[in-house]
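# Working through the structure, step by step
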Amino acid sequence: AVVVTMDADGQMDVADFDSIVAPVLEGRAEYVKGSRFEPGIDLGAMPVQRRIANRLLTRITGKVLGLRGLRDAHCGYTAASGRVVERLGSIELYRSYGVYTSILAAVLEMNAVVDFVPVKALYGEERSHIRPVDLAGLAMLLTRYGLRR
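Quick caveat: nothing in here was measured; it's all calculated off a predicted structure.

Conventions adopted
- Residues numbered from 1 in each chain as written.
- Predicted model: local features only at pLDDT ≥ 70, side-chain atom pairs only at ≥ 80, totals over all residues.
- Heavy atoms only, no water.
- Helix = DSSP H or I, 4+ residues; strand = E, 2+ residues; numbered from the N terminus.
- Rg over C-alpha atoms; globule rule 2.2 N^0.38 Å.
- Buried < 20%, exposed > 50% of the residue type's maximum accessible area, 1.4 Å probe, protein only.
- Contact = heavy atoms within 4.5 Å.
- Areas by Shrake-Rupley, 256 points an atom, 1.4 Å probe, with all protein chains shown as cover.
- Lys, Arg positive; Asp, Glu negative; His and termini not counted.
- Charge placed at Lys NZ, Arg CZ, Asp CG, Glu CD.
- Axes fitted to C-alpha atoms, helices over the stretch in contact; angles between N-to-C directions.
- Parallel < 35°, antiparallel > 145°, perpendicular 65-115°, else oblique.
- Left-handed = near helix turned anticlockwise from the far one by under 90°.
- Nonpolar A, V, L, I, M, F, W, Y, C, P; charged D, E, K, R; others polar.
- Phe/Tyr/Trp six-rings, centres within 6.5 Å; stacked < 30°, edge-to-face > 60°.
- Lys NZ or Arg CZ within 6 Å of the ring centre and 35° of its normal.

Along the backbone of the protein chain there are five helices and four strands. Moving toward the C terminus, one meets the helices and strands of the protein chain in the order β-α-β-α-β-α-α-β-α. In terms of C-alpha radius of gyration, the protein chain reaches 15 Å, essentially the compact-globule figure of 15 Å for 149 residues. Once the C-alpha set of the protein chain is aligned to its principal axes, its extents read approximately 40 × 35 × 25 Å. Counting the 149 residues in the protein chain, one finds 44% classified as buried. Residue pairs in contact within the protein chain that sit at least 24 positions apart in sequence constitute 76% of those at least 6 positions apart. Approximately 8,500 Å² of the protein chain is accessible, and the part contributed by carbon and sulfur atoms is 55%. Averaging the locations of the 19 positively and 17 negatively charged side chains of the protein chain gives two centres separated by 9 Å.

The following block contains the structure:
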């Protein structure tokens, strides 16, 4: 079984579905995370402030979780094997903007094989709903993970 997440904000391209699930279906990975910051992905429509914030938070997240080469910690397009989903069901996950950080940390603690695949992001006229309190919560979450390592 494969479970796929796709944020409901309309920014994920359904055309990338096959590339998200392929590593799990082929047995190459147990958790796959979409990455909007891979070479060849056009970021032209991504607001500059979002691009900068995401890159900065991704670098911090990668360092805290010990995951070199992490390029997009906050993409909501993911796929997970049944084993990973079953184990995630017994873990209390963060309930706000940092949910994908808490999922990634849990998956890494399971020693599951993680893969990243390029995905397109679709941006229109929508505005970000991320508030300073969300960023503060994410900072506290990352601090907690950093202290556990």
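We now examine the packing of helix H4 (residues 99–109) against helix H5 (residues 132–148). Axes are the key here: two packed helices are described by the angle between their axes and the distance separating the axes. Where H4 contacts H5, the two axes come as close as 11 Å, and the packing angle between them is 15°. Here H4 is positioned roughly parallel relative to H5, judged by the angle of their axes. Relative to H5, H4 is oriented so that their crossing is left-handed. For the pair formed by H4 and H5, the contact residues are Thr101, Ser102, Ala105 and Glu109 on the first element and Leu138, Leu141, Leu142, Tyr145 and Arg148 on the second. For the contact of H4 with H5, the class distribution of residues is five nonpolar, two polar and two charged.

Next up on the list: the packing of aromatic side chains. Both the distance between ring centres and the angle between the ring planes are used here to describe each pair of aromatic rings. One pass over the structure, following the stated rule, counts zero aromatic pairs. For the cation-ring pair, Arg144 lies above Tyr145, with the distance from its terminal atom to the ring centre recorded as 5.7 Å.

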